[in-house]
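Residue-level structure breakdown
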Amino acid sequence: MQKQIIYFDHAATTYVKPEVFDAMKPYFTQEYGNPSSIYSIGRSNKKALEEARASVAKSIGAAEPGEIYFTGSGSESDNWAIKGAAFALQKKGKHIITSSIEHPAVLATCEFLGKHGYEITYIDVDSEGLVNSDDVEKAIRPDTVLVTIMMANNEIGTIQPIKEIAQICKKHGVIFHTDAVQAAGNIPIDVKDLGVDLLSISGHKFYAPKGTGMLYIRKGVRIESLIHGGHQERNRRAGTENIPGIVGFAKGLELANENMEAHYNKLKNLRDRALKGIAERIPHIKVNGSMEKRLPGNLNVSFRFVEGESILLMLDMKGIKASSGSACTSGSLDPSHVLLAIGLPHEIAHGSLRITFGEINTEQEVDYLIDSLDEIITKLRNMSPLYEDFIKGVE
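Cut-offs used in this document
Residues numbered from 1 in each chain as written. Predicted model: local features only at pLDDT ≥ 70, side-chain atom pairs only at ≥ 80, totals over all residues. Heavy atoms only, no water. Helix = DSSP H or I, 4+ residues; strand = E, 2+ residues; numbered from the N terminus. Rg over C-alpha atoms; globule rule 2.2 N^0.38 Å. Contact = heavy atoms within 4.5 Å. Areas by Shrake-Rupley, 256 points an atom, 1.4 Å probe, with all protein chains shown as cover. Core = buried A, V, L, I, M, F, W, Y, C linked by side-chain atoms within 4.5 Å. Buried < 20%, exposed > 50% of the residue type's maximum accessible area, 1.4 Å probe, protein only. Pairing = 2+ DSSP bridges. Right-handed = clockwise from strand over helix to strand, strands pointing away. Axes fitted to C-alpha atoms, helices over the stretch in contact; angles between N-to-C directions. Salt bridge = Lys/Arg side-chain N within 4 Å of Asp/Glu carboxyl O.

**Regarding the overall build of the protein chain**
Of the regular secondary structure elements, the protein chain holds 16 helices and 12 strands. Taken against the 2.2 N^0.38 rule, which gives 21 Å for 395 residues, the C-alpha radius of gyration of the protein chain at 22 Å falls within 12% of a compact globule. When its C-alpha atoms are laid out on the principal axes, the protein chain stretches across 75 × 55 × 35 Å. A fraction of 74% describes how many contacts in the protein chain between residues 6 or more apart in sequence connect residues 24 or more apart. As displayed, the protein chain has an accessible area near 17,200 Å², and 53% of this comes from carbon and sulfur atoms.

**A short note on the nonpolar core**
Among the nonpolar cores identified, the biggest contains 59 residues, and I60, I189, L199 and I201 are the most heavily contacted of them. Looking at this core, the element that brings in the most residues is helix α10 (residues 243-258), giving seven residues. In this view, L199 contacts M151, H177, T178, A180, I189, V191, M214, L215 and Y216; residues no more than four positions away in its chain are not counted.

**With respect to the pairing of strand β3 (residues 95-99)**
Taken across its five residues, β3 has five buried, putting it largely inside the fold. Across the two faces of β3 the burial is the same, with H95, I97 and S99 and I96 and T98 all buried. Of the strand pairs in this sheet, β3 and strand β4 (residues 119-123) are connected by five bridges, and their pairing is parallel. Bridge pairing in β4 links H95 to E119. For the crossover that starts at β3, traverses helix α5 (residues 104-114) and ends in the parallel β4, the hand is right-handed. Judged from the four bridges that link them, β3 and strand β5 (residues 144-148) form a sheet pairing that is parallel. Counted as the bridge partner of T98 is T148 from β5.

**With respect to α5**
Residues separated by three or four positions in an α-helix point in the same direction, a consequence of the helix having 3.6 residues per turn. The set of residues buried in α5 consists of A105, V106, L107, T109, C110 and L113. Those residues of α5 hidden inside the fold are in contact with α4 (74-88), β3, β4, β5, β6 (175-179) and α13 (337-341).

**Side note on the sheet that holds strand β10 (residues 298-303)**
Strands sit in the order β9-β10-β12 across an open sheet of three strands; the sheet is antiparallel. Each having just a single partner strand, β9 (285-287) and β12 (352-356) make up the two edges of the open sheet. Averaged over all pairs of adjacent strands, the angle between their axes in this sheet comes to 25°, without regard to strand direction. Where β9 lies against β10, three bridges are found, and the strand directions are antiparallel. Looking at the pairing, V287 lines up with V301 of β10.

**As for the pattern of salt bridges**
All chains considered together, the criterion is met by 26 salt bridges. A salt bridge links E50 to R53; the nearest nitrogen and oxygen atoms lie 2.9 Å apart. On the criterion of helical spacing, the pair formed by E50 and R53 is a turn pair, its members being three residues apart in helix α3 (residues 40-60). Taking the relative accessible area as the measure of exposure, E50 reaches 30% and is therefore partly exposed. Assessed through its relative accessible area of 2%, R53 is described here as buried. The shortest N-O distance in the salt bridge between R273 and E363 comes to 3.4 Å. Here R273 is found in helix α11 (residues 260-281), whereas its partner E363 is found in helix α15 (residues 363-382), with 90 residues between them in sequence. Classification of E363 as partly exposed rests on a relative accessible area of 41%. When salt bridges that share partners are traced, they join K46, E50, R53 and E233 into one network.

Such coordinate-based values are descriptive only and should not be taken to indicate function.
Put into structure tokens, the structure is as follows:
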């Protein structure tokens, strides 16, 4: 078992399902026309594009297919939503509200706007990583043009009160965007019920291809374009459409919706089994994030007296692939901004491990993970001066 790859990093990316790949194949080799062309293989690609748009609209409860715009990634969708709304509404004001635990695609975009005359308010979260909707309302000012709060956190899996925040924004006439990249495929998304104005999704989180994304723009919401050039996506997003990717994106989201309940239950059972085994066998741990309002396949644990990077390397030697946080920040030696935001001290935040389960995982793999972590944490703590001092202090 040690020689095989055991993948516990589905929040970073997923494989492409065979059904998704099969749906994409013809558009690589046979149906390769440009959808903007008027001849037959162009028209057939245009038809596939609009069928995919209608499928995605149905999957997220959009009022009409015209509210769906395809992009190249979740990060592009976030950038477009935030910059587009900010630039379109700058005559009204230049104040934006977000949270302290957003994905770097949101935080870096807000930072960029902050350098160009916009004022950003960062809402703090509680110890479980939850945004208080009252705090959002208190932060809204006459010059507030946008609130952007993620639906579910990529590191600790916390699910935010998006519907409540959307109602507050609507009451105050403020545009509301949510980054739903981690939520899509794991929990139901209904944009009409949620009441959001803008919503971002990325395909490679739900067994569709990388390099595919979507921005939902509610009808009547005006935002500036991010990419200029051609007339694609109804003059709002230039660039020849990635038809194979878009077809795969739509198919992946459709399958995710069809299998949502079974998917949710399986991942939750694997997560709970892992947590129970880890907690029973390894002392001095802390589970990060709310267990009640949490994505089903997310488990984030801090192990005191050890470094997360060391845990990852030793797990990798056993064939287990996990993460210490967001894949977009994994090259950083700084502790996770999310873990610091929920109040963890640096030394404990450094010892965190993010385990995210997927459809291919089994109970046997979870048990192997528990055995491996027990062995690894014991070994690392036996080499840790901090742990030695702790033990001496206890005695």
